[in-house]
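Here's the letter readout for the chains.
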Amino acid sequence: MSVSEADRFAFLAEVSRCLSDSLDCEATLATIAGMSLPHLDAWCIVDVVSDATDGEASDDITRLVVLHPDPEKEAAARELHRRYPPRAGDLLGAPRVVHPRRPEIMFDVPDAALVAAAHDLEHLALLRTLGVTAYVIAPMVARDRLLGAITFVSGEAGRRFSAADLLTAEDLARRAALAVDNARLYRAALAARESAEVERTLTTTRTARLQALSGALAVASTRQEVADAVVARASAVLDAVGIVIAHLADNGHELEIMSAGAMPDNERRDWARFPLSAPIPLAEVARSGQPIFLESRLAWEARYPGSTPMLEEAGHHANAIMPLMVEGRVLGVLGAAFDAPRAFSGDERATALSVAQQCAQALERARLLEAERAARAEAEKANRVKSEFLAAMSHELRTPLNAIGGYAQLLEMGIYGSVTDAQREALGRIELAQRYLLRHVNDVLNYERLQSGRLEYDVRAVLLADVVGGVEPMIRPQLQTKGISYLVHVSHEHVVRADRDKLTQVIINLLSNAVKFTPAGGRVTIECVARQDGSEDPDTIYLRVADTGIGIPSEKLDTVFEPFVQVDATPAGRASGAGLGLAISRDLARGMGGDLRVRSTLNVGTTFTVALPRANAMDVIDN
């Protein structure tokens with residue numbers, strides 16, 4: 001290896017070492033130029049292709065480095081580039097190699113070549129000032145991408161570049177290209193990381209703001225609360241200066257502004273209510289159901305001529321208007337205003353539409369809640385009126401009924417004179433009718449108390465045998481009149497938790513129905529039984545009232561516990577009751593923690609079973 005070759009390799013090794021220490025593109029190229037000056041005994045120019053992909057257009061070439069041992073000539077070289085930057089077709093300089101990507105060496109540059117390359121006399125004067133006598137230009141290529149070119153220029157007469165100089169220039173260009181490429185990749189990675197970090201921060205912030213909006217909408221129970229929550233929080237989500245919400249009026253032809261931010265008072269007043277035909281974006285979106293994004297005042301003016309003074313007064317430049325829709329139905333519109341022109345990205349549009357969708361769903365939910373509250377208030381008012389009416393009825397009906405019963409008893413006792421047998425029979429019928437009417441008045445009042453939840457229970461341990469035994473005298477006359485057998489199988493071991501008076505009412509209702517629908521000579525049985533499968537239930541006692549009566553058609557079994565429903569719909573059957581006994585009995589049983597069920601076979605009989613919580617016999621003693 002010759003000394004010159006050894007020097008060249010040493011020089012290139014030192015260049016490589018210096019290049020590996022830097023990831024700054026401009027500093028890297030300046031390092032190469034600075035090291036090359038003494039080695040090649042030439043001044044250096046480094047040009048780069050701006051887009052790093054294509055060097056055909058002269059505008060893509062930018063001069064980064066100019067180093068000359070003579071400061072005055074270095075200044076002249078910079079002035080040359082400033083006034084006559086490289087362009088395609090130049091006979092001298094970087095454009096000669098960027099397109100073919102091949103090096104070029106000029107051993108001797110005659111003055112005629114300078115004249116041919118000059119654009120004008122001033123250009124020629126600058127070239128002559130630099131004293132260009134020879135040059136070597138090597139393209140910088142990495143990963144098959146053109147990055148620029150390095151030019152070494154000699155201004156000394158008789159200085160000729162050798163083939164070795166060309167190899168050195170090419171090697172320097174390759175190493176510089178790799179270093180520049182690495183620097184650009186590093187810069188791109190940093191930029192991507194910074195961009196990702198910014199995007200991550202924005203996403204985190206946007207998510208937090210969306211969650212805050214969702215939380216506010218979740219607790220809003222009226223449409224106005226929803227609108228106020230969106231105006232207060234959606235501006236931050238959308239990075240907007242103001243939000244406006246308008247809903248479709250009941251007539252379906254107008255929009256009403258519910259809430260607005262950053263809207264001048266006069267505009268808020270003038271546009272508080274406006275027709276769907278109005279030439280503004282809020283109305284158009286409500287008509288079409290499609291969003292509108294206006295990125296500048298020019299875009300607004302092009303679409304809505306003559307209306308930009310409204311924007312100028314408000315200080316707005318861009319707008320996003322989204323429909324508020326639920327199941328294809330437009331509820332209103334949501335508008336966002338921005339204080340600078342804005343090119344809405346896909347993500348920004350998606351976020352705006354998502355906010356609008358949340359708002360629409362919250363508005364619909366609030367509307368349903370408002371309707372439910374109104375219906376409940378109306379129902380409560382109706383129940384209150386009903387209760388007041390029934391209370392008045394109770395007083396107005398019970399008072400004369402009690403008077404009728406009292407005077408009938410006084411007459412029967414002979415207080416007002418002797419009573420014949422016929423009169424006594426008539427008085428008995430009057431008392432029977434009075435008790436009948438009074439019982440039904442009480443049924444209606446009791447049912448109303450049950451439905452309104454105003455009935456109170458005194459639940460305690462009750463001995464079933466005592467309750468059943470106490471009921472028998474009340475139904476004995478009916479049993480005897482029809483010659484019905486009455487069987488009781490209830491022992492003193494059967495103890496339940498119940499309200500004694502209400503349980504008595506249930507049993508009387510069931511036995512009265514059994515007697516009423518059992519023909520003469522039939523049988524009524526009341527007994528405590530096990531489960532239907534024959535097993536004992538440790539927590540429940542089942543009291544069964546069975547008859548051998550006419551039975552209930554299967555299609556009516558599901559309705560016998562409904563109020564004012566009677567199994568026997570004949571005039572005689574309707575005259576015998578109001579159809580509330582079974583409804584009241586089941587509600588009373590359930591109110592005591594139990595239930596009432598029925599089984600029946602037509603023309604065979606019916607069985608009603610009262611299920612009640614079992615109690616301890618010792619609790620009866622404590623009571």
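Residues numbered from 1 in each chain as written. Predicted model: local features only at pLDDT ≥ 70, side-chain atom pairs only at ≥ 80, totals over all residues. Heavy atoms only, no water.

Trainee: Report on the sheet that holds strand 18 (residues 605–613), specifying residues and quantitative values.
Mentor: The five strands are arranged 13-15-16-18-17 in an open sheet whose pairing can be described as mixed. With partners counted over all chains shown, the strands left at the sheet margins are strand 13 (485–489) and strand 17 (595–601), one partner each. Adjacent strand axes in the sheet meet at a mean angle of 15°, parallel and antiparallel pairs treated alike. With seven bridges joining them, strand 16 (residues 540–547) and strand 18 adopt antiparallel strand pairing. Directly across from Val-545, in strand 18, lies its bridge partner Phe-608. Of the strands in this sheet, strand 13, strand 15 (523–529) and strand 16 touch helix 15 (residues 464–482), which is tilted by about 180° from strand 13. Against the sheet, helix 18 (residues 581–591) touches strand 17 and strand 18, its axis set at about 135° to strand 17. (Pairing = 2+ DSSP bridges. Helix = DSSP H or I, 4+ residues; strand = E, 2+ residues; numbered from the N terminus. Axes fitted to C-alpha atoms, helices over the stretch in contact; angles between N-to-C directions. Contact = heavy atoms within 4.5 Å.)

Trainee: An account of the packing of aromatic side chains is requested, with residue identities and associated values reported.
Mentor: Summed over the entire model, instances satisfying the criterion amount to five aromatic pairs. Ring geometry for Trp-271 and Phe-274: centres 5.4 Å apart, planes at 75°, overall edge-to-face. You can call Trp-271 partly exposed: its relative accessible area is 24%. Residue class for Phe-274 comes out buried when judged on its relative accessible area of 2%. Among the aromatic residues, those joined into a ring-pair cluster are Phe-293, Phe-338 and Phe-344. When the ring centre of Tyr-457 is taken as reference, the NZ or CZ atom of Lys-502 above it lies at 5.4 Å. (Phe/Tyr/Trp six-rings, centres within 6.5 Å; stacked < 30°, edge-to-face > 60°. Buried < 20%, exposed > 50% of the residue type's maximum accessible area, 1.4 Å probe, protein only. Lys NZ or Arg CZ within 6 Å of the ring centre and 35° of its normal.)

Trainee: Pulling in residues and values, what's your account of the packing of helix 16 (residues 500–516) against helix 18?
Mentor: Packed helices, taken two at a time, are described by the angle their axes make and the gap between the axes. The N-to-C vectors of helix 16 and helix 18 enclose an angle of 145°; their axes lie 9 Å apart at closest approach. Helix 16 and helix 18 meet at a crossing whose hand is left-handed. Within the contact between the two elements, helix 16 uses Lys-502, Gln-505, Val-506, Asn-509, Leu-510 and Asn-513 and helix 18 uses Gly-581, Leu-582, Ile-584, Ser-585 and Leu-588. Residues belonging to the contact of helix 16 with helix 18 are distributed by class as follows: five nonpolar, five polar and one charged. (Left-handed = near helix turned anticlockwise from the far one by under 90°. Nonpolar A, V, L, I, M, F, W, Y, C, P; charged D, E, K, R; others polar.)

Trainee: Please provide a residue-by-residue account of the confidence of the model for the chain, values included.
Mentor: Mean pLDDT over the chain works out to 82, with 86% of the residues at or above the 70 mark. Mean pLDDT across the elements of the chain ranges from a minimum in helix 17 (residues 571–575), with 42, to a maximum in strand 9 (residues 292–294), with 96. In the predicted structure, residues 52–58 sits below a pLDDT of 50 and forms 17 contacts with residues beyond four places in sequence or in another chain. Under a pLDDT of 50 for its full length, residues 569–576 has, in the predicted model, nine contacts with residues more than four places off or in other chains. (pLDDT = per-residue confidence, 0-100.)

Trainee: Explain helix 3 (residues 71–83) residue by residue, including any values.
Mentor: Between its terminal C-alpha atoms helix 3 stretches 18 Å, which fits the 18 Å expected from 13 residues at 1.5 Å a residue. Every buried residue belonging to helix 3 is among Glu-74, Ala-76, Ala-77, Leu-80 and His-81, and all of these are buried. Projected down its long axis, helix 3 carries its buried residues within an arc of 160°, all on one side. Residues of helix 3 that are exposed and point over 90 degrees away from its buried face: Pro-71, Glu-72 and Arg-82. Its buried side turned inward, helix 3 meets strand 1 (43–49), strand 2 (61–67) and helix 6 (121–130). (Expected span 1.5 Å × (residues − 1). Arc of directions from axis to C-beta.)

Trainee: Break down the nonpolar core for me, with residues and values.
Mentor: With 40 residues, the main nonpolar core has Leu-503 and Ile-507 as its most contacted residues. Secondary structure elements with two or more residues in this core: helix 15, strand 14 (495–498), helix 16, strand 15, strand 16, helix 18, strand 17 and strand 18. If near-sequence neighbours (up to four positions away) are discounted, Leu-503 is found in contact with Leu-464, Val-467, Val-496, Ala-498, Met-592 and Leu-612. Ile-243, Met-258, Ala-352 and Val-355 belong to the second-largest nonpolar core, a separate cluster that totals 35 residues. (Core = buried A, V, L, I, M, F, W, Y, C linked by side-chain atoms within 4.5 Å.)

Trainee: Account for the pairing of strand 1, naming residues and giving values.
Mentor: Along strand 1, seven of the seven residues are buried, which leaves the element largely enclosed by surrounding structure. By the alternation rule, side chains of strand 1 split into Trp-43, Ile-45, Asp-47 and Val-49 and Cys-44, Val-46 and Val-48, which are all buried. Where strand 1 and strand 5 (residues 145–154) come together, six bridges link them in antiparallel fashion. Pairing of Asp-47 across the sheet is with Ala-149, part of strand 5. Across six bridges, the pairing between strand 1 and strand 2 is antiparallel. Residue Asp-47 lies in a different strand from strand 2, and its bridge partner there is Arg-63.

Trainee: Give me the sheet that holds strand 10 (residues 318–326): which residues, what numbers.
Mentor: Pairing is antiparallel across the open sheet formed by six strands, whose spatial order is 8-7-6-11-10-9. For this open sheet the edge positions go to strand 8 (273–275) and strand 9, each flanked by a neighbour on one side alone. Across the sheet, the axes of successive neighbouring strands diverge by a mean angle of 25°, strand direction being ignored. As paired elements, strand 9 and strand 10 share three bridges and run antiparallel to each other. Its bridge partner being in strand 10, Phe-293 is matched across the sheet by Ala-320.

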